[in-house]
Structure formats: structure tokens, C-alpha cells
Amino acid sequence: MRSRSARPLAEAARLCGVSPADCLMVGDSAIDIRAGRAAGAKTCGFVGGFRGRGELLAAGADHLFEHFRELPRVVEAVS
């Protein structure tokens with residue numbers, strides 16, 4: 001299994017001057033969702049991406065979206 005390290009996400013949040021808890025990790029695989037959760041971020045899975053709905057749900061994604069036009073709605077919901 002590939003790394004699910006939270007370090008890159010924590011560093012990105014630090015560089016932006018925010019807490020990881022105020023971030024949204026968007027990805028298309030369980031690895032992305034696990035990394036976001038490990039960092040303490042909210043998570044969102046892109047169903048049309050690499051792995052699909054089942055893997056993203058099993059990984060515990062907080063939100064899912066199928067089309068990129070839906071992403072602003074998700075961002076607003078978690079803000």
C-alpha cells in the first residue's frame with residue numbers, strides 16, 4: 001500500500017497559515033481519503049476518478065461528488 005502520510009497536507013496547511021481541520025482534502029482514492037483523515041482534514045472523494053464510489057465510501061470520505069461543477073457546493077457545505 002502507498003503512503004498515507006499526513007505530513008504533506010500538514011505542511012501545506014502550515015504554509016497557508018491554517019489548521020488542517022480547516023482544510024478539505026479532495027482525492028480520488030482511499031489513499032487520498034486516509035491521508036486527509038490522518039492530517040485531521042475534512043475529506044471529499046471524486047467518484048469519477050481513479051477508484052470510484054465504493055472505495056471512497058469504504059475509506060470514510062466525508063463527502064462525494066461526481067462532477068467538478070459540484071465541488072463548490074461541497075466546499076460551501078464544509079466551510
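Since the structure is predicted, the reported quantities are computational estimates derived from the model, not experimental observations. (Residues numbered from 1 in each chain as written. Predicted model: local features only at pLDDT ≥ 70, side-chain atom pairs only at ≥ 80, totals over all residues. Heavy atoms only, no water.)

S.K.: Before we go on, may I ask you to explain the nonpolar core in this structure?
M.R.: Note on soluble globular proteins: their nonpolar side chains tend to be buried together. Core analysis: the biggest nonpolar cluster contains seven residues, these being Ala30, Ile33, Val47, Leu56, Ala59, Ala61 and Leu64. Apart from the residues within four sequence positions on either side, Ile33 is in contact with Thr43, Cys44, Gly45, Leu56, Ala59, Gly60 and Ala61. (Core = buried A, V, L, I, M, F, W, Y, C linked by side-chain atoms within 4.5 Å. Buried < 20%, exposed > 50% of the residue type's maximum accessible area, 1.4 Å probe, protein only. Contact = heavy atoms within 4.5 Å.)

S.K.: What exactly am I supposed to notice about helix α2 (residues 30-39) here?
M.R.: Within an α-helix, residues lying three or four positions from one another point in the same direction, as the helix has 3.6 residues per turn. Counting buried residues in α2 gives seven out of 10 residues, a clear majority hidden from the surface. Backbone geometry just downstream of α2 places Gly40 in the positive-phi region, at approximately 90°. (Helix = DSSP H or I, 4+ residues; strand = E, 2+ residues; numbered from the N terminus.)

S.K.: How should I be thinking about the pairing of strand β2 (residues 42-46) in this particular structure?
M.R.: On a regular strand, each side chain points to the face opposite its neighbour's, so the side chains alternate between the two faces of the sheet. Taken across its five residues, β2 has four buried, putting it largely inside the fold. Of the pairings in the sheet, the one linking strand β1 (residues 24-27) to β2 comprises four bridges and is parallel in character. Across the sheet, the residue bridging to Val26 is Cys44, located in β2. Once the chain exits β1 it traverses α2 before rejoining the sheet at β2, and the crossover so formed is right-handed. (Pairing = 2+ DSSP bridges. Right-handed = clockwise from strand over helix to strand, strands pointing away.)

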